[in-house]
Amino acid sequence: MKIAIASGKGGTGKTTVATNLAQLAASQGYQVAYIDCDVEAPNGHLFLRPDITSDDTVHVTVPDIDPTRCNHCGVCAHFCQFNALLCLPGEVLLFPELCHSCGGCQLICPQQCISEREREIGQCQIGKAGQVDFVSGRLNIGEAKSPPLIHQVKKQAPETDLMLIDAPPGTSCPVVESLRDCDFVVLVTEPTPFGLHDLTLAAEMVQLLGIPCGVVINRSAENDEATLAYCNSRRIPVLACLPDNRKAAEAYSRGELIAQSLPSFNQPFTTLLERLLQQTKHTGSPQQRCHP
Amino acid sequence: MKQLTVISGKGGTGKTSVVASLAFLADQVVLADCDVDAADLHLVLPPTPLSSHPFSGGKQAFIETAKCQLCGTCQKLCRFEAVRGPDTQSGSPESGYSIDSTACEGCGVCAHFCPAEAIRFTDAQNGEWYISDTRVGPMIHARLGIAEENSGKLVSLVREEARKLAKKQQRSTIIIDGSPGIGCPVMASITGTDLALLVTEPTMSGLHDLQRVADLTAHFHIPTIIAINKWDINPEVTAQIKETAKQRKIPVGGLIRYDRSVTAAQISRKTIVELDHAPAAADLRQLWDTVAKALFAEA
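Since the structure is predicted, the reported quantities are computational estimates derived from the model, not experimental observations.

The rules behind the values
Residues numbered from 1 in each chain as written. Chains lettered and ligands numbered in written order. Predicted model: local features only at pLDDT ≥ 70, side-chain atom pairs only at ≥ 80, totals over all residues. Heavy atoms only, no water. Helix = DSSP H or I, 4+ residues; strand = E, 2+ residues; numbered from the N terminus. Buried < 20%, exposed > 50% of the residue type's maximum accessible area, 1.4 Å probe, protein only. Contact = heavy atoms within 4.5 Å. Areas by Shrake-Rupley, 256 points an atom, 1.4 Å probe, with all protein chains shown as cover. Lys, Arg positive; Asp, Glu negative; His and termini not counted. Charge placed at Lys NZ, Arg CZ, Asp CG, Glu CD. Buried area = accessible area lost by both parts, 1.4 Å probe. Salt bridge = Lys/Arg side-chain N within 4 Å of Asp/Glu carboxyl O. Polar contact = N/O pair within 3.5 Å; in protein donor to acceptor, adjacent residues only side chain to side chain. Domains from an automatic or database assignment. Nonpolar A, V, L, I, M, F, W, Y, C, P; charged D, E, K, R; others polar. 1 Å grid on protein atoms, 1.4 Å probe; cavity = no way out; pocket = protein on both sides within 12 Å on 5 of 7 lines; lining within 4 Å. Points joined across faces, edges and corners; volume = space filled by probe spheres on them. Core = buried A, V, L, I, M, F, W, Y, C linked by side-chain atoms within 4.5 Å. Pairing = 2+ DSSP bridges. Axes fitted to C-alpha atoms, helices over the stretch in contact; angles between N-to-C directions. Patch = residues over 30% accessible without salt bridge, like charges linked within 9 Å, V, L, I, M, F, W, Y side chains within 5 Å. Parallel < 35°, antiparallel > 145°, perpendicular 65-115°, else oblique. Left-handed = near helix turned anticlockwise from the far one by under 90°. pLDDT = per-residue confidence, 0-100.

Helix and strand counts for chain B come out as ten helices and 13 strands. Taking the principal axes of its C-alpha atoms as reference, chain B extends roughly 70 × 45 × 40 Å. By the burial criterion, 57% of the 299 residues in chain B qualify as buried. For chain B, long-range pairs separated by at least 24 residues make up 75% of all intrachain contacts whose partners lie at least 6 apart in sequence. Looking at chain B as shown, the accessible area adds up to about 12600 Å², and 50% of this sits on carbon and sulfur atoms. Here chain B holds 30 positive side-chain charges and 33 negative ones, and the gap between their average locations is 4 Å.

In structure tokens:
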């Protein structure tokens, strides 16, 4: 069962929810994998502190033009929708960071002089944090596109009862790539106007993808009404409320798992895990694989 | 005219709250909300829309079922798994092929190589952008459609329009609210700006992401200043951030204390500096002094 943890806005507590859930589920005997798909700003390792067993380079393919056969006809550059190729009278220039690896230039070249070569875009780390399987992606600095890396990172995930995917913030392609094929999405929000605004965008996105979702209100205080009313009107279950607590912010700042270091958070996370397992049962996902 | 971009490796560090306060303190400002994925500036500085414009950043393929001969070439050639095959489960292959618009990258391979010419390849509307007025000055902002790409292009467009407007109205400062992360929208937010203000928090993840985004501004040779938000949550990590900044020769231009009135300001749709009693307001005024000096310093 694959559960993605997402949020329209950054900093709402996605990583907190994902890492604490992973640790808690593992302590209850579930086979758990934590997959950090926030490859622009991966943080899961700071809390789970995994022992990394492999650290591999991830590549995408880009065109490789044979200069001895290219006659600079310009068909490839004309075809490319991403302006990754520029045909000059004497040569064809490639802007690799613009290339989407669609393979179109290779297919269309009348001289058949385009092959493909690999280009590094980031790293994928695999390890073990206690009983939790850990996979994390890290996009190289200056690299524009994260979805191909996210795709590769998800492929490295081991088979487990429960896979928790820590998604990047926002609602555009990196998030969509992270949520693809998931059985359920947990949307983490905070009870502020910013939080509610971005929650509505995230909920629209999840609806567009046709995946069931539930909400976790982080830093919950007396100002939850608007968020609760929104969830109620859209029939989105509120799975848990994590209290606003300066001690939690401090524990987070030290890289601690709050469900472990603050006893008052153990109960909300335990309830959240139970509800998640129940919710996904209702959605018809293969619950039988998921037993302690 | 000077351009300041406010960024953060990580979301939720208080970027938008800082932007709104600096914009309130600055004179002759044009705002550009380049966090097109989760644009929130309009919640603090409610805009009066003056005009809206469609944004098309790419193309999209669409299969005309009537012309489709079910050869499957499109599905074979698509590298993005965006072509859905005929519904074999229900035993009706006539349901044909279709394209998952959330997966389609708009490369045009399927349309070009379809032997039946059954695939239309047309401009996609990926979002909208707006010119608005706010109580601190005009604002260019945008909304990217859900699951749409090309946010980098939209960010560049928002910045270009902000520049045009600032020139026309002879405004001296453009303040850009950047997006989180280090990917394409952020690069489009910072390239060619005069100064990047990096808002971070004293947490392990804040420190980690600060390193990544500082690498990015160094990569593009953008002068950078750091502001540490909620610095008193963890004075030790604040000290580590200061040490990191020193090693990287990046000035720490301001410390903003943990202050619950920041949330109160959001709820009342005000900038923090508009709340006179807010302790963090003093910190933000000081931050603007430092930033303005750096921004308008003669090179």
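Counting its secondary structure elements, chain A contains eleven helices and eleven strands. The principal-axis extent of the C-alpha atoms belonging to chain A is close to 70 × 40 × 40 Å.

Opposite the 59 residues of chain A that make contact, chain B presents 61 residues. Overall, the association of chain A and chain B removes approximately 4900 Å² of surface from exposure, summing both partners, and the carbon and sulfur fraction of that is 58%. Scanning the region where chain A abuts chain B turns up four salt bridges. Taken together, the links from chain A to chain B amount to 25 residue pairs in polar contact (both at pLDDT 80 or more). When contributions to the side of chain A that touches chain B are tallied by element, the ones reaching two or more residues are α2 (44–48), α4 (104–108), β7 (132–139), α6 (173–179), α7 (193–209) and α9 (246–253) of chain A. Per element, the largest residue contribution to the side of chain A that touches chain B is nine residues, and it comes from α7(A).

Next up on the list: the side chain of B:S21. Residue and element names in this part refer to chain B. Here S21 shows up in helix α1 (residues 15–25). The exposure class assigned to S21 is buried, which follows from its relative accessible area of 0%. Ignoring anything within four residues of it in the chain, the contact list for S21 reads T271, I272, V273 and L284.

Reports of interface size often rely on the accessible area that becomes lost once the parts have come together. All names here are of chain B. Each assigned domain of chain B is listed here: domain 1 (2–56 + 135–296) and domain 2 (58–124). For domain 1 versus domain 2, the distance between C-alpha centres works out to 41 Å. Across the boundary between the two partners, domain 1 contributes five residues, which contact five residues of domain 2. In total, about 400 Å² of surface goes out of reach between domain 1 and domain 2, with carbon and sulfur atoms giving 29% of it. Between the two partners, domain 1 and domain 2, sit zero salt bridges. Counting every contact that joins domain 1 to domain 2 gives one residue pair in polar contact (both at pLDDT 80 or more). Across the side of domain 1 that touches domain 2, the residue classes break down as two nonpolar, two polar and one charged.

Time to look at empty space enclosed by the protein. Residue and element names in this part refer to chain A. Taken as a whole, this structure holds nine cavities of 30 Å³ or more when the rule is applied. Roughly 110 Å³ of internal volume is contained in the largest cavity. Around the largest cavity, the lining comprises 16 residues; the ones closest to its centre are C80, C99, C102, G103 and C105.

The next thing to look at is the domain arrangement of chain A. One can read the domain layout of chain A as domain 1 (2–58 + 123–283) and domain 2 (67–112). Here the C-alpha centre of domain 2 of chain A lies 40 Å away from the C-alpha centre of domain 1 of chain A.

Turning our attention to the nonpolar core. All names here are of chain A. Ranked by size, the top nonpolar core spans 41 residues in total, and within it I3, I5, V186 and L272 carry the most contacts. If one sorts the elements of this core by residue count, helix α1 (residues 14–27) sits on top with seven residues. When near neighbours in sequence (up to four residues on either side) are disregarded, L272 contacts V17, L21, V216, L239 and A240. Ranked by size, the runner-up nonpolar core spans 40 residues in total, among them I121, I150, Y230 and C231.

Moving on to the sheet that holds strand β10 (residues 213–220) of chain A. Residues and elements named next belong to chain A. Read across the sheet, nine strands follow the order β3-β6-β7-β2-β8-β1-β9-β10-β11 without closing on themselves; strand pairing throughout is mixed. Taken across any chain shown, the strands that pair with only one partner, and hence form the sheet edges, are β3 (51–65) and β11 (238–243). The sheet shows a mean angle of 20 degrees between the axes of neighbouring strands, taken without regard to direction. Judged from the five bridges that link them, strand β9 (residues 184–189) and β10 form a sheet pairing that is parallel. Each residue of the ladder has a partner; that of V188, found in β10, is V216. The strands touched by helix α5 (residues 147–155) within the sheet are β2 (32–36), β3, β6 (114–129), β7 and β8 (162–166), with β7 carrying the most contacts at an inclination of about 160 degrees. Sheet contacts for α7: β9 and β10; angle to β9, the most-contacted strand, approximately 170 degrees.

This brings us to a nonpolar patch on the surface. A cluster of nonpolar side chains, A:L86, A:L88, A:F95 and A:L98, forms an exposed patch at the surface whose accessible area comes to about 290 Å². Checked against the element boundaries, A:L88 lands in the loop between β4 (85–87) and β5 (92–94).

Here we come to the sheet that holds strand β3 (residues 48–55) of chain B. All names here are of chain B. Taken together, the nine strands give an open sheet; going across it, the order is β3-β8-β9-β2-β10-β1-β11-β12-β13, and neighbouring strands pair in mixed fashion. Every other strand in the sheet has two partners, leaving β3 and β13 (252–256) as the edge strands with one partner each. Each strand of the sheet is rotated relative to its neighbour by a mean of 20 degrees, with strand direction disregarded. Sheet analysis places strand β2 (residues 29–33) next to strand β9 (residues 137–144), joined by two bridges and oriented parallel. Note on β9: the bridge partner recorded for A32 is I140. Along the sheet, α1 contacts β1 (2–7), β2, β10 (173–177), β11 (195–200) and β13; its crossing angle with β10, the most-contacted strand, is approximately 165 degrees.

Moving on, we get to the packing of α1(B) against helix α10 (residues 279–296) of chain B. Residue and element names in this part refer to chain B. Running from amino to carboxyl end, α1 crosses α10 at an angle of 70 degrees, the nearest separation of the two axes being 10 Å. The angle between the axes of α1 and α10 places the two elements in the roughly perpendicular class. The two elements α1 and α10 cross, and the hand of that crossing is right-handed. Two secondary-structure elements touch here, α1 through V18, S21, L22 and L25 and α10 through L284, R285, L287 and W288. Considered class by class, the residues forming the contact of α1 with α10 number six nonpolar, one polar and one charged.

With that out of the way, let us pick up the confidence of the model for chain A. A residue-level look at chain A finds 96% of positions with pLDDT of 70 or above and a mean pLDDT of 92. For residues 284–292 of chain A, every residue scores under 50 in pLDDT, and the model assigns this stretch 19 contacts once sequence neighbours within four places are set aside.

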